Amino acid sequence: MKAIVQDRYGPPESLTLAEVDPPVPAANEVLVRVEAAALNAYDWHVLRGDPRLARLALGRSKPRARIRGRDFAGVVESVGAKVQQFHPGDAVFGDLGDANGAFAEYVCVPETLIAPKPANLTPQQAAALPLAGVTALMGLADLGQVRPGHRVLINGASGGVGTLAVQLAKALGASVTAVCSTRNADLVRSLGADHIVDYTRSDFTHDPSPHDVVFDLVGNRSLTALRRVLPPAGTLILSGGGVYRGGSLVGPVWLIARGRLLAPFVRQRIAVLTTAPSRKHLDLLRDHAEAGHLTPVIDRSYPLHEVPQALRYLEGEHARAKVVITI
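Rules of the game
- Chains are numbered independently. Their residues run from 1 in the order of the written sequence.
- Local features in a predicted model are, by the rule used here, given only for residues with pLDDT of at least 70; side-chain atom pairs are given and counted only at 80 or more, and totals for whole chains, interfaces and linings are based on all residues.
- As a convention, hydrogens and water are excluded, and side-chain values are obtained from all of the structure's heavy atoms.
- In this description a helix means any DSSP run of H or I spanning at least four residues, a strand means any run of E spanning at least two, and both kinds are numbered starting from the N terminus.
- Radius of gyration means the value over C-alpha atoms here, while the globule rule gives 2.2 Å times the residue count to the 0.38 power.
- Partly exposed residues are those whose accessible area sits between 20% and 50% of the maximum for their type, while under 20% is buried and over 50% is exposed, using a 1.4 Å probe and protein chains only.
- Whether two residues touch is decided by their heavy atoms; if any such pair falls within 4.5 Å, the residues are in contact.
- Per-residue accessibility takes into account occlusion by the displayed protein chains alone, with areas from the Shrake-Rupley method and a 1.4 Å probe.
- In this charge count, Lys and Arg are treated as positive and Asp and Glu as negative; neither His nor the chain ends contribute.
- Here the site of a charge means NZ on Lys, CZ on Arg, CG on Asp, or CD on Glu.
- The predictor attaches a confidence to each residue, and that confidence, scored 0 to 100, is pLDDT.
- Axis lines are fitted to C-alpha atoms, over the contacting stretch for helices. Their N-to-C directions set the angle, which ranges from 0 to 180 degrees.
- Between 65 and 115 degrees an angle is taken as roughly perpendicular, under 35 as roughly parallel, over 145 as roughly antiparallel, and anywhere else as oblique.
- When the near helix sits turned anticlockwise from the far one by under a right angle, the crossing is termed left-handed; a clockwise turn instead gives a right-handed crossing.
- Amino acids are sorted into nonpolar (Ala, Val, Leu, Ile, Met, Phe, Trp, Tyr, Cys and Pro), charged (Asp, Glu, Lys and Arg) and polar (every other residue, Gly among them).
- Buried Ala, Val, Leu, Ile, Met, Phe, Trp, Tyr and Cys residues form a nonpolar core when they are joined through side-chain atoms within 4.5 Å.
- Take a side-chain nitrogen of Lys or Arg and a carboxyl oxygen of Asp or Glu: if they are within 4 Å of each other, that pair is a salt bridge.
- Any two strands are treated as partners once DSSP identifies two or more bridges connecting them.
- Working rule for helices: expected span equals 1.5 Å times residues minus one.
- Definition of a polar contact: a pair of N or O atoms within 3.5 Å, with one able to donate and the other able to accept a hydrogen when the atoms are protein atoms, and with sequence-neighbouring residues admitted only if both atoms are side-chain atoms.

Caption draft 1: Examining the overall build of the protein chain more closely. Helix and strand counts for the protein chain stand at 10 helices and 15 strands. Computed over the C-alpha atoms, the radius of gyration of the protein chain is 19 Å, within 12% of the 20 Å expected from 2.2 N^0.38 for a compact globule of 327 residues. Principal-axis analysis of the C-alpha atoms gives the protein chain an extent of 55 × 40 × 40 Å. Here the protein chain holds 327 residues, and 55% of them are scored as buried. Long-range contacts, defined as pairs at least 24 residues apart, comprise 70% of the intrachain contacts of the protein chain with a sequence gap of at least 6. When the accessible surface of the protein chain is split by element, carbon and sulfur atoms take 53% of a total near 13,800 Å². The averaged location of the 30 negative side-chain charges in the protein chain is 7 Å from the averaged location of its 35 positive side-chain charges.

As structure tokens, this is what we get:
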């Protein structure tokens, strides 16, 4: 089968399209014929081995997982002997986690990490949901405990996670302030944002209106500045992925580490978001999508052999919403 492989850390051009052996499902796994995959900030972090501190987990000289990509949607081709919930022909979507492998014609995945595809979404839209959607859902519903009447500020509202977070916050009954650039204001407003802060014209951290929850998806402000727009009992959620700026040692990890250190000593709640593939959250995302609360926005779509171009577009801060791969 064809797949996008990585044999060293480097720029997008270090990725190659290669013929590799198709995977064989284990007893608890499902073999999926991939129809679409999606890019995330995670993918360029692994591609570059950036920040360099992350290589302790990813692999010192190259990633342990050779085939790139996490999020996918497709059709079940075959199932392992112990699989009970899925059958050949089922349309599914999911997140492979750190195992990666979605930028390929076929993937093997444990049945616990996939869910039936939302019936009203295309494969491209469904592929755009897993990691970004779970991040938004866990940040707002689990950590932020957003409920009707809450005021939520989303820094990075036009990105892959941000466009989903705006919609989910509205579905949870919140009033949403979206931070984005001038060119993305109309997009974010169309997704339901109540207020727009154009960061090219003003600094949201000087907004005198307090917010119950601040969801930081960028990591470009200090803790002091972020806490400034929260009331004493407000919640700050840190999940900044950043963009590639030539390589770094710790990247947004420094802000997150400081958040963890400060959290026990302040009244405001500082929560660091970590995600993992989850069937429970995939099911919740499907419910929101089928209820009309959540529609992934696709910025661009590329064929499999153009994954390097897609990643170059994503990592340079040009992309808005989601970038997907059609296979």
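Caption draft 2: Up close: the confidence of the model for the protein chain. The predicted model of the protein chain averages 91 in pLDDT, with 92% of residues at 70 or higher. Under a pLDDT of 50 for its full length, residues 246-250 has, in the predicted model, 10 contacts with residues more than four places off or in other chains.

Caption draft 3: Spatial organisation of the packing of helix α4 (residues 130-143) against helix α5 (residues 160-171). At a minimum axis separation of 8 Å, α4 and α5 run at an interaxial angle of 45°. In this view, α4 runs oblique relative to α5, as classed from their interaxial angle. Judged by the twist between their axes, the crossing of α4 over α5 is right-handed. Mapping the contact onto sequence places A132, G133, T135, A136, L137 and L140 in α4 and G160, V161, L164, A165, L168 and A169 in α5. Of the residues contributing to the contact of α4 with α5, the split by class is nine nonpolar, three polar and no charged.

Caption draft 4: Expanded view of the nonpolar core. Residues L140, I154, V166 and F215 are the most contacted members of the largest nonpolar core, which totals 49 residues. Ranked by the residues each element gives to this core, the list is headed by α4, at seven residues. Here L140 is in contact with Q145, V146, V152, A165, L168, A169, L172 and F215, once residues within four sequence places are set aside. Judged by nonpolar contacts, the second largest core, of 31 residues, contains V34, V92, F103 and A310.

Caption draft 5: Examining the pattern of salt bridges more closely. Tallied over the full model, the rule gives 14 salt bridges. Measuring nitrogen to oxygen at the nearest pair gives 2.7 Å for the salt bridge that ties D283 to R286. With D283 and R286 both in helix α9 (residues 279-290) and three residues apart, the pair spans about one turn of that helix. Considered together, D283 and R286 belong to a single accessibility category, that of buried residues. One network of salt bridges, in which partners are shared, links E13, R48, R312 and E315.

Caption draft 6: Layout of the pairing of strand β12 (residues 235-238). What you see with β12 is no split at all: T235 and I237 on one side and L236 and L238 on the other are buried throughout. Relative to β12, strand β11 (residues 213-216) runs parallel, the two sharing four bridges. For V214, the partnering residue across the bridge sits in β12 and is L236.

Caption draft 7: Summary view of α5. Over its 12 residues, α5 runs 17 Å from end to end, which matches the ideal 16 Å to within 8%, given 1.5 Å per residue. The buried fraction of α5 amounts to 10 of the 12 residues, a majority that puts the element mostly inside the structure. Taken as a whole, α5 has its buried residues at G160, V161, G162, T163, L164, A165, V166, Q167, L168 and A169. Positive phi appears at G173, one or two residues downstream of α5, with a value of about 95°.

Caption draft 8: Molecular detail of the side chain of D95. By the element assignment, D95 lies in strand β5 (residues 91-95). Within the structure, the side chain of D95 is placed 2.8 Å from the side chain of R70, a separation counted as a polar contact. Among the polar contacts listed, one links the side chain of D95 to the backbone nitrogen of G97, at a separation of 2.7 Å. Setting aside residues no more than four positions away along its own chain, D95 makes contact with R70, D71, F72, L113, P130, L131 and P277.

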